[in-house]
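Inside the fold
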Amino acid sequence: LFVKDNNYMFLGDAKESMEKLVTLLGDTKKEDGKQGGDLESGKKAKVEKVDPFFAEIPELQKKAFLRVGICKESSADGGEKRVAMVPDIAKRLLKSGIQIVVETTAGVGGGFYDADYVRMGCEILPSAQEVYNSADVVIKVTEPDIHPVTGKHEIDMLPKGKTMISFVGPRTDQGKQLLDK
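Now for a description of the structure that goes with this document.

**So, the sheet that holds strand E6 (residues 137-139)**
Pairing in this open sheet of five strands is parallel, and the strands run E5-E4-E3-E6-E7 from one edge to the other. Of all strands in the sheet, those with a lone pairing partner are strand E5 (123-125) and strand E7 (163-165), marking the two edges. On average, each strand axis in the sheet is tilted by 25° relative to the strand beside it, whichever way the strands run. Bridge count between strand E3 (residues 66-70) and E6: three bridges; the pairing is parallel. Note on E6: the bridge partner recorded for Gly69 is Val138.

**Overview of the pairing of E3**
Two elements, E3 and strand E4 (residues 98-103), share five bridges in a ladder whose sense is parallel. Across the sheet, Gly69 pairs through a bridge with Val101, a residue of E4.

**Digging into the nonpolar core**
Membership of the largest hydrophobic core is limited to 12 residues, which are Val68, Ile70, Val83, Met85, Ala90, Ile98, Ile100, Val102, Ala106, Tyr117, Cys122 and Val137. Ranked by residue count, the leading element in this core is E4, at three residues. For Tyr117, the contacting residues outside a window of four places in its chain are Val83, Met85, Val86, Pro87, Val102, Gly107, Phe112, Cys122 and Ile124. In terms of nonpolar packing, the next biggest core, distinct from the first, is built from 11 residues, Ala128, Val131, Ala135 and Met164 among them.

**Quick word on the packing of helix H2 (residues 53-63) against helix H3 (residues 87-95)**
The interhelical angle for the contact between H2 and H3, taken along N-to-C directions, is 55°, at an axis separation of 10 Å. By the criterion of interaxial angle, the relationship of H2 to H3 is oblique. The chirality of how H2 crosses H3 is left-handed. Touching Phe53, Ile57, Leu60 and Gln61 of H2 are Lys91, Leu94 and Lys95, all from H3. Taken together, the residues of the contact of H2 with H3 break down into four nonpolar, one polar and two charged.

Basis of the calculations
Residues numbered from 1 in each chain as written. Predicted model: local features only at pLDDT ≥ 70, side-chain atom pairs only at ≥ 80, totals over all residues. Heavy atoms only, no water. Pairing = 2+ DSSP bridges. Helix = DSSP H or I, 4+ residues; strand = E, 2+ residues; numbered from the N terminus. Axes fitted to C-alpha atoms, helices over the stretch in contact; angles between N-to-C directions. Core = buried A, V, L, I, M, F, W, Y, C linked by side-chain atoms within 4.5 Å. Buried < 20%, exposed > 50% of the residue type's maximum accessible area, 1.4 Å probe, protein only. Contact = heavy atoms within 4.5 Å. Parallel < 35°, antiparallel > 145°, perpendicular 65-115°, else oblique. Left-handed = near helix turned anticlockwise from the far one by under 90°. Nonpolar A, V, L, I, M, F, W, Y, C, P; charged D, E, K, R; others polar.

Don't take any of this as a statement about function, it's just geometry.
Below is the structure:
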């Protein structure tokens, strides 16, 4: 929006802003000096750098010394949309030797899809029980509760010798019961 008659925008010069934009897009003139119509066909091609992490994923997965599981959150009202880990964090952990296993569609409520997790080296498993069986540690956002599919308490789904990290309200009755499990 222009607010002055002399082509100045409220926060700067419109002409200068357009010149910067054209410069960023690259030279659009053809060899004969005439203006070209297709910016994508210009000689200055952008070279995108590929993160070397993506080539290292298979080797990093082999070297992983710990498996961490992420499942869909099971809240009493079904309204929990958060996920315990986003794909970018899974990437960092894989670089550190920690393989992430994710229940299918676990991140959808938070806007993260299975493909996002796979791209960062995560393994997608079809059920929560498979994640619990496969992982050394399971991370949750909410307190463990009765799982809506299995009908078992989530702590009881965890095999012996495995760990769960989650929120627990130690001063509530439910929290005290969870601490006793």
